[in-house]
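Structure assessment
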Amino acid sequence: MAKKKSKKSNSNTIALNKKARHNYSLTDKFEAGMSLQGWEIKSIRDGKVNISDCYVHIKDREAYLVGAEIMPLKMASSHVVCDPTRARKLLLNRRELDRIAGAVEREGYSLIATSMYWKQCWVKLEFYLGKGKKAHDKRADVKDREWAVDKGRLMKNKNLNRD
């Protein structure tokens, strides 16, 4: 008897912000749940999410995800008003919120969203405290990365010559 192949992938990742590590030096990692509407969950399951230009904003002792795009499905109900870029409330502990707010206000950090993923049946957002990189910092990172690749090639060639 043939087994049915499921269409689901093993990855729990919904969306990634690949530019975040290039543009910011990231320090502390946080994980937060999100307050979402029904149509947003359906769109997320369909993969219609973009978090490349979003950030986390602290307002009135609450955290909000601003700038994330969750595009509504064409089959959405007509009685529901779908705003793809609305601010979505993040669910964090008071202690975490106070720590984050202090770092943002006193130390000049930004809150950068890096990934959105499924954790069991809940949608979670991973974000970091970070500071923006200058152009020379970005060039230094590229130089270090290229040197690591070259060093690996040299070590591989050296090991091959010994054999």
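Residues numbered from 1 in each chain as written. Predicted model: local features only at pLDDT ≥ 70, side-chain atom pairs only at ≥ 80, totals over all residues. Heavy atoms only, no water.

**Thoughts on the pattern of salt bridges**
On inspection of all chains with the given rule, the structure shows 9 salt bridges. A salt bridge links Arg61 to Asp98; its shortest N-O distance comes to 3.8 Å. With Arg61 in the loop between β4 (55-59) and β5 (62-66) and Asp98 in helix α3 (residues 94-107), this pair connects stretches of sequence that are 37 residues apart. Look at Arg61 and you get exposed, because its relative accessible area is 52%. The class for Asp98 is partly exposed, based on a relative accessible area of 40%. Salt bridges sharing common partners tie together Glu40, Arg86 and Arg88. (Salt bridge = Lys/Arg side-chain N within 4 Å of Asp/Glu carboxyl O. Helix = DSSP H or I, 4+ residues; strand = E, 2+ residues; numbered from the N terminus. Buried < 20%, exposed > 50% of the residue type's maximum accessible area, 1.4 Å probe, protein only.)

**Examining the side chain of Arg88**
As for its position among the elements, Arg88 is in strand β7 (residues 88-91). You can call Arg88 buried: its relative accessible area is 0%. Side chain to side chain, Arg88 and Glu40 meet in a polar contact 2.9 Å long. Here Ala68 takes part through its backbone oxygen, which lies 3.2 Å from a polar atom of the side chain of Arg88. In contact with Arg88, other than residues within four places in its own chain, are Met34, Ser35, Leu36, Glu40, Ala63, Tyr64, Leu65, Ala68, Ile70 and Asp83. (Polar contact = N/O pair within 3.5 Å; in protein donor to acceptor, adjacent residues only side chain to side chain. Contact = heavy atoms within 4.5 Å.)

**What to know about unusual backbone geometry**
In this structure, Asp60 is a non-glycine residue whose phi angle is positive, near 55°. Tracing the backbone shows Asp60 in the loop between β4 and β5. Here the phi dihedral of Gln120 falls at roughly 60°; this positive angle occurs in a residue that is not glycine.

**What about the nonpolar core?**
Core analysis: the largest hydrophobic core is formed by 28 residues, its most contacted members being Leu65, Leu90, Met116, Leu125 and Phe127. Among the elements of the structure, β1 (13-16), β2 (24-34), α2 (38-45), β5, α3, β8 (110-119) and β9 (122-132) are those that each provide at least two residues to this core. (Core = buried A, V, L, I, M, F, W, Y, C linked by side-chain atoms within 4.5 Å.)

**Focus on the packing of aromatic side chains**
In the structure shown here, the tally under the stated rule is 1 aromatic pair. Considering the side-chain rings of Phe30 and Phe127, the 5.6 Å spacing of their centres and the 20° angle between planes classify their relative orientation as stacked. With Phe30 in strand β2 and Phe127 in strand β9, the pair connects residues that are 97 residues apart, well separated along the chain. As far as the burial class goes, Phe30 and Phe127 line up, both buried. For the cation-ring pair, Arg21 lies above Tyr128, with the distance from its terminal atom to the ring centre recorded as 5.2 Å. (Phe/Tyr/Trp six-rings, centres within 6.5 Å; stacked < 30°, edge-to-face > 60°. Lys NZ or Arg CZ within 6 Å of the ring centre and 35° of its normal.)

**Looking at the environment of Ala32**
Relative to the helices and strands, Ala32 is located in strand β2. Here Ala32 falls in the buried class, since its relative accessible area comes to 0%. For Ala32 and Ile100, which are 68 residues apart along the polypeptide, the C-alpha to C-alpha distance reads 12 Å.

**Overview of the environment of Asn12**
With respect to the helices and strands, Asn12 occurs in the segment before β1. Once the C-alpha coordinates of Asn12 and Asp137 are considered, the two residues, 125 residues apart in sequence, prove to be 32 Å apart. When residues no more than four places from it in sequence are discounted, the contact partners of Asn12 are Tyr117 and Trp118.

**Examining the confidence of the model for the protein chain**
For the protein chain, mean pLDDT is 84; residues scoring 70 or higher make up 91% of the total. Put simply, helix α4 (residues 135-162) is where the protein chain has its lowest mean pLDDT, 81, and β7 is where it has its highest, 94. (pLDDT = per-residue confidence, 0-100.)

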